[in-house]
Amino acid sequence: MSIGEILRTWTNRMFGHAEALVLLALIAIVLAILIFLGAYLAPVIAGLVVAFALHGVVTRLVMWRMPRILAIVAVSSFFIGVVIALAVGILPLVWSQLQNLAAQLPDVVVALADVLESFAEEYPQLVPEAFLASINLTAQTQFTNWGGQLIQQIVQQLPNLVGFLVFILLVPISLFFFLKDHQQIVEYLRSLLPTDRPLLDEVGRETVEQMGNYVRGKLAEIVIVGAVCYATFTLLGLEFAALLSLLVGLSVLIPFVGAAVVTIPVVLVALVQFGWSWDFLLVVVAYGVIQALDGNVLVPVLFTKANNLHPIVIIVAVLAFGGMWGIWGVFFAIPLATFIRAVIDAWPTKISDVESVPETPT
């Protein structure tokens, strides 16, 4: 067969079915909406994400004979209560510790240099003098005003008050209507699709199941890991416990990389505060145990259905989707990669009935 015939055969096999074209069109439409309107639709998207997480709770309450509308009101009220508790109880504490850290940052760098210098006196072969000199120079020149610049940059990145209030108001409203009109929305979307759609149904079921499981599991993992870290750090007397616990909790959004990166501030704060002591070693060991339990116990329990994605695929997905959509891309990197895999896995089996182009006799 010629190259043209090979390409024509492949095109007919992969795109010769109406479902394939519909699926490609749907993917293109969703991508276009996210790229061009994602920033404007952020409250609706956030409401949809929370609806994925809480829809199972509503279903369970309905199974327990609670009226559906009452279950929706109860779940929505619970979400609003959690947001208020977060805004009133946790965020002010984190902000206060961030300000303290920024104010103490030059002293922290100097203290770190002192710790390294004392370590170098005991093990001079491991820490060169030139490295110590560069640390001291950096502490004196680069970090003098860095704390104030950090706070200024954070304040500049905060949304304006009106936009923030609109976001806070629209997310619960979107959540309520996504939960209330879930069935109507699904039926309307199905009415826009072809009647005979086995490929779309299979990909849709796989995507919705994976997305729901992932959102619920990831939110639970953030809360559990952050709470355990806060209790542990507070018990061990570690400074900036709330700030560090928040960082550790959010780090689970980025597989592999997040845990490695957030280890640095935890170890540095413990090192500056306790020096080379048993207290420092206890913090490091406790933090290592938490990370080990998260990866080997908590994650298998929360994510009972494995995604079977290779670690390299996960890292590429995090980098690619995170680069396109920021924190939302990082959050949904794994389910999006799973969706792509579901499309690839389902595609050949669902269009195998497409007639192939007869091979030209030689």
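Residues numbered from 1 in each chain as written. Predicted model: local features only at pLDDT ≥ 70, side-chain atom pairs only at ≥ 80, totals over all residues. Heavy atoms only, no water.

Colleague: Is there a simple way to explain helix α3 (residues 42–63) in this structure?
Modeller: Over its 22 residues, α3 extends 32 Å from the first C-alpha to the last, a length consistent with the 32 Å expected when each residue adds 1.5 Å. Largest kink in α3: about 40°, centred on A53. For α3, the complete set of buried residues consists of A42, P43, A46, G47, V49, V50, A51, A53, L54, V58 and L61. Downstream of α3 by a residue or two, R65 has a phi angle that is positive, lying close to 75°. (Helix = DSSP H or I, 4+ residues; strand = E, 2+ residues; numbered from the N terminus. Expected span 1.5 Å × (residues − 1). Bend = angle between axes of the 7 residues up to and from the residue. Buried < 20%, exposed > 50% of the residue type's maximum accessible area, 1.4 Å probe, protein only.)

Colleague: Teacher, can you tell me more about the confidence of the model for the protein here?
Modeller: When pLDDT drops low, the exact placement of atoms in the prediction is not to be read closely. Considering every residue of the protein, the mean pLDDT works out to 76; 73% of them sit at 70 or more. By mean pLDDT, the top-scoring element of the protein is helix α10 (residues 241–251) (90), and the lowest-scoring one is helix α6 (residues 146–157) (54). Below pLDDT 50 for its whole length, residues 349–362 participates in 14 contacts with residues either more than four positions away or in separate chains. (pLDDT = per-residue confidence, 0-100. Contact = heavy atoms within 4.5 Å.)

Colleague: Would you mind showing me how to read the pattern of salt bridges here?
Modeller: As a working rule, side chains carrying opposite charge can pair if their charged atoms are close by. Enumeration according to the criterion identifies three salt bridges in this entry. In this structure, D181 engages K180 in a salt bridge whose closest nitrogen and oxygen atoms are separated by 3.2 Å. Among the ionic pairs, K218 bridges to E221, the shortest N-O distance being 3.1 Å. You can see K218 and its partner E221 sitting in helix α9 (residues 198–235), three residues apart, about one turn around the helix. (Salt bridge = Lys/Arg side-chain N within 4 Å of Asp/Glu carboxyl O.)

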